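Structure assessment
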Amino acid sequence: MLYIIIAILIFGILVATHELGHFVAAKLSGVKVNEFAVGMGPAIWQSQRKSEAPWEEDGTIYSLRLLPIGGFCALEGEDDDGSADPRSFGRATWWKQVIILCAGAAMNFLTGLVLLVVLYAPAQGFVTEVYGGPIDGYGTENCGLLAGDRFLSVDGHRVLVYGNARFFLNRAGETLDFVVERNGERVALKDVYLPYQERTDENGTFTRLRGLSMAAAAEPAGPLDKLAYAWDSALDLVRTVWISLGDLVTGAVGLRELSGPVGIVDMMGQVGSSPELSPTPLAAARNFANLAALIAVNLAVMNLLPLPALDGGRVFFLVLNGVLYGLFRKKISPKYEGWVHMAGMAALMCLMLAVTLSDVGKLLGF
C-alpha cells in the first residue's frame, strides 16, 4: 500500500512539474498568471503575493489543494481571447504563446533527464552491445561482422543504450545496414542479408533466429560520459514513445496494451513491493526513479502531439493561424477553435475512460 501511495504522489508531482513549466514561461514572458496550484480539489492553503513588478501588479494566487494528483496554471485570457488585460495570454505575441505552451513538455523532459543523471551518477562504467559471433548452422559466418564489433547503428537507428541493437535487429527486415566500431574506426556495412531462420530442435523447442549472437562489453565512464549516457537514455525514451505510438497506429499493438494512470500506479506498486525487482528500499527507489523518468518523458512527447485539447494541438492552431493570416489576412475564429478543442477533450476523456476500464479489468483478472 505504501508503494502505491508513493506512486500516486510521483505521478501527481510530474503533472505539477508540467504546470510549473507553463508558470515559469508565463512569468518570464510577462503573461499574467491568475493562479498556480499544486494538487487538485478544494484549496487547503492559499497566498496572494503582492509585488510592485509589472507582471505581478495584481498578484498571483498560489495554492495547495487537497488531492495530490497534479496541479494547474491558470493564465489570464488563456481560453478567452477577448480579455481586455494587456498581459493576457491571448494578447501575447505568437512566439511567446508557443514558448509558454511548450514549456510544460520541456519541463517534463528536463525532469526525466535530471532523474537519469542522478541515477547514473554512481556508475563506474556502462555496458555496450558488441557482436559475439555467428551461430553455427545459420550461414552467417560471412555477413561482414567480426566478433567484437560494437554496434553504433542498426538498420538506420542509432544505438543509444544497451539493448537497442537487439531491439532494432528483431524489428528489421531480411536486409539490414550496420554501422559498427572496429578497432577504433567506424565501419559501415550495407545491404547485409540476414534472413530469419525457423528451427525446431529434438526437444520440440521452436526458435526463430538470424544466427547472430550478442555479447556485452564494459566501458569505463567519467563525468562527461555519464552526462552523455543520461542524455542518450532520455532520447531513447523519446524514441520508444514514438515507436509505441507507431505500433498503436499500425495495429501492431492494441488498446489492451495501453496503460493509464491506474495501470501505471499499479505497475509502480508491484515494482516497489517485488522482492525480486526491489530487494532493498534503495533498489525500490532506483526503480521508481527509472519509471518516473519514463513517465516524465512520455508526458513530454504526448503533450506535444498536434491533437486537439493538448498543448501540441494549441501550438498547431497557432502555426495554422499564422499561415492563414500571412496568406489571406484571416484567422480561424476562436469560437471554432474552442469547439475543436472541446471535441478533442471529449475524445481524450473517452479514451482515458476506456484505458482505465481496461486497467481495472486487468487488475481483476479479466
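This text follows the structure it describes.
Report on the accompanying structure. (Residues numbered from 1 in each chain as written. Predicted model: local features only at pLDDT ≥ 70, side-chain atom pairs only at ≥ 80, totals over all residues. Heavy atoms only, no water.)

**Considerations on the environment of Gly173**
Mapping Gly173 onto the fold places it in the loop between helix 3 (164–171) and strand 6 (175–182). Spatially, the C-alpha atom of Gly173 lies 8.3 Å from that of Leu194, the residues being 21 residues apart in sequence. (Helix = DSSP H or I, 4+ residues; strand = E, 2+ residues; numbered from the N terminus.)

**So, the pattern of salt bridges**
Going through the model one piece at a time under the given rule, you end up with 9 salt bridges. Arg65 serves as the salt-bridge partner of Glu35, at 2.7 Å between the closest nitrogen and oxygen. Taken together, the residues span a long stretch of sequence, with Glu35 in strand 1 (residues 33–49) and Arg65 in strand 2 (residues 60–75) at a distance of 30 residues. Across this residue pair, the class does not change: Glu35 and Arg65 are buried. Asp247 is paired through a salt bridge with Arg171; the nearest N and O atoms lie 3.2 Å apart. (Salt bridge = Lys/Arg side-chain N within 4 Å of Asp/Glu carboxyl O. Buried < 20%, exposed > 50% of the residue type's maximum accessible area, 1.4 Å probe, protein only.)

**Side note on the nonpolar core**
Ranked by size, the top nonpolar core spans 24 residues in total, and within it Leu116, Tyr120 and Phe126 carry the most contacts. The set of elements that each furnish at least two residues to this core consists of helix 2 (94–120), helix 4 (223–250) and helix 6 (281–303). With near-sequence residues (within four places) excluded, Tyr120 lies in contact with Phe126, Lys226, Tyr229, Ala230 and Ser233. Among the nonpolar cores identified, the runner-up in size contains 18 residues, and Cys143, Leu189, Leu194 and Ile243 belong to it. (Core = buried A, V, L, I, M, F, W, Y, C linked by side-chain atoms within 4.5 Å. Contact = heavy atoms within 4.5 Å.)

**Re helix 5 (residues 261–273)**
Residues separated by three or four positions in an α-helix point in the same direction, a consequence of the helix having 3.6 residues per turn. The end-to-end C-alpha separation of helix 5 is 18 Å, in line with the 18 Å expected for 13 residues at 1.5 Å each. Residues of helix 5 that are buried include every one of Gly263, Ile264, Val265, Met268, Gly269, Val271 and Gly272, and no others. (Expected span 1.5 Å × (residues − 1).)

**Quick look at the side chain of Arg239**
For Arg239, the location among the structural elements is in helix 4. Sequence-distant contacts of Arg239, that is, excluding residues within four places in its chain, are made with His157, Arg158, Leu160, Asn164 and Phe168.

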